[in-house]
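Structural overview
Given next are the chains, with one letter for each unit.
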Amino acid sequence: MKKLLVLPLVLLSFCVIADERIILGAFERETTEADSTMFGVTFSAESTLNGFGARLYNFKDEGLYLGAGFSFGTGDADLCADSICVSGDASGTLFAGEIGRNLGQWTPFVGASFTSSEVEFAGESESDETWGLNAGMWVELDTFKLRGAVVNLDDEDGRAIFGGLLFQMDNNFAVGAEFGMLLDDEVDGFRFALQFGRKF
């Protein structure tokens, strides 16, 4: 008889765990500016990428948290030496995944990201691919979720901080925003994403 009473309690404990999946589409914008001096000549490089992306967040009460996302952008790149400038095309792709643990209001996580970028000037192209380690935390405040993260922990040149906000409406739709900034003193880099989706 005692064994029969344990079974409903175990099943009830699984039912209490809420599974919340949020899928978002995003408009992405990224700008980068850098200056350098070589042989007495000042070089400056600027690029602006606009594109789209998607995010998937899977939250569980007192359970495992999983997140994934990607973004793709294209735009213009300008390279100037003193007063002479050359324009080109630039593109960038980002894939990221993260895993964490929901601890009530707090959800710490770690993850990894892969970035691929390409710039083309006068028929000559240069590409770069990098992997990065990320860490951050979600904080839940009623219908709001705040997000903070540091990306590329293992790369001083590409290290950046990100902050975000996720708001869930009563009709299961969700809106979000994310802002990022490079920590490199020699490069000014900013990233912004405006997100819209729904909870399932």
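Everything here concerns the structure above.
Residues numbered from 1 in each chain as written. Predicted model: local features only at pLDDT ≥ 70, side-chain atom pairs only at ≥ 80, totals over all residues. Heavy atoms only, no water.

Quick look at the pattern of salt bridges
According to the stated counting rule, one finds 9 salt bridges in the structure shown. Here E178 makes a salt bridge to R55, at a shortest N to O gap of 3.4 Å. Of the two residues, E178 is situated in strand β9 (residues 173-182) and R55 in strand β2 (residues 41-60); the sequence distance between them amounts to 123 residues. E178 is paired through a salt bridge with R147; the nearest N and O atoms lie 3.5 Å apart. Of the two residues, E178 is situated in strand β9 and R147 in strand β7 (residues 144-151); the sequence distance between them amounts to 31 residues. (Salt bridge = Lys/Arg side-chain N within 4 Å of Asp/Glu carboxyl O. Helix = DSSP H or I, 4+ residues; strand = E, 2+ residues; numbered from the N terminus.)

Some points on the state of the cysteines
All chains considered together, the criterion is met by 1 disulfide. Across the disulfide, C80 is cross-linked to C85 (sulfur-sulfur distance 2.1 Å). Its torsion about the S-S bond being 110°, the disulfide of C80 and C85 is classed as right-handed. Taking the relative accessible area as the measure of exposure, C80 reaches 14% and is therefore buried. (Disulfide = S-S within 2.5 Å. Buried < 20%, exposed > 50% of the residue type's maximum accessible area, 1.4 Å probe, protein only.)

Digging into the packing of aromatic side chains
One pass over the full model with this rule turns up 12 aromatic pairs. Ring centres of Y57 and W138 lie 5.0 Å apart, and the angle between their planes is 75°; this geometry places the pair in the edge-to-face category. In this pair, Y57 sits in strand β2 while W138 sits in strand β6 (residues 124-141), placing the two residues 81 residues apart along the sequence. The class for Y57 is buried, based on a relative accessible area of 3%. Cluster of aromatic residues (ring-pair linked, three or more members): Y57, F59, Y65, F109 and W138. Sitting over the face of the ring of F173, R198 holds its NZ or CZ atom 5.3 Å from the ring centroid. Over the ring of F200 we find R198; its NZ or CZ atom is 5.2 Å from the centre of that ring. (Phe/Tyr/Trp six-rings, centres within 6.5 Å; stacked < 30°, edge-to-face > 60°. Lys NZ or Arg CZ within 6 Å of the ring centre and 35° of its normal.)

Things to note about empty space enclosed by the protein
Counted according to the given criterion, the structure contains 2 cavities of 30 Å³ or more. Looking at the largest cavity, its volume works out to about 50 Å³. Every residue lining the largest cavity is listed: L24, Y57, W138, R147, G164, L165, L166, A177, E178 and Q195. Listed by contribution, the elements that provide at least two residues to the lining of the largest cavity are β8 (160-168) and β9. Of all the elements, β8 adds the most residues to the lining of the largest cavity, at 3 residues. A per-class count over the lining of the largest cavity returns 6 nonpolar, 2 polar and 2 charged. Looking at the second largest cavity, the residues that line it are F59, G104, Q105, T107, W138, V139, E140 and K145. Per-element tally for the lining of the second largest cavity: the top contributor is β6, with 3 residues. Across the lining of the second largest cavity, the residue classes tally to 3 nonpolar, 3 polar and 2 charged. (1 Å grid on protein atoms, 1.4 Å probe; cavity = no way out; pocket = protein on both sides within 12 Å on 5 of 7 lines; lining within 4 Å. Points joined across faces, edges and corners; volume = space filled by probe spheres on them. Nonpolar A, V, L, I, M, F, W, Y, C, P; charged D, E, K, R; others polar.)

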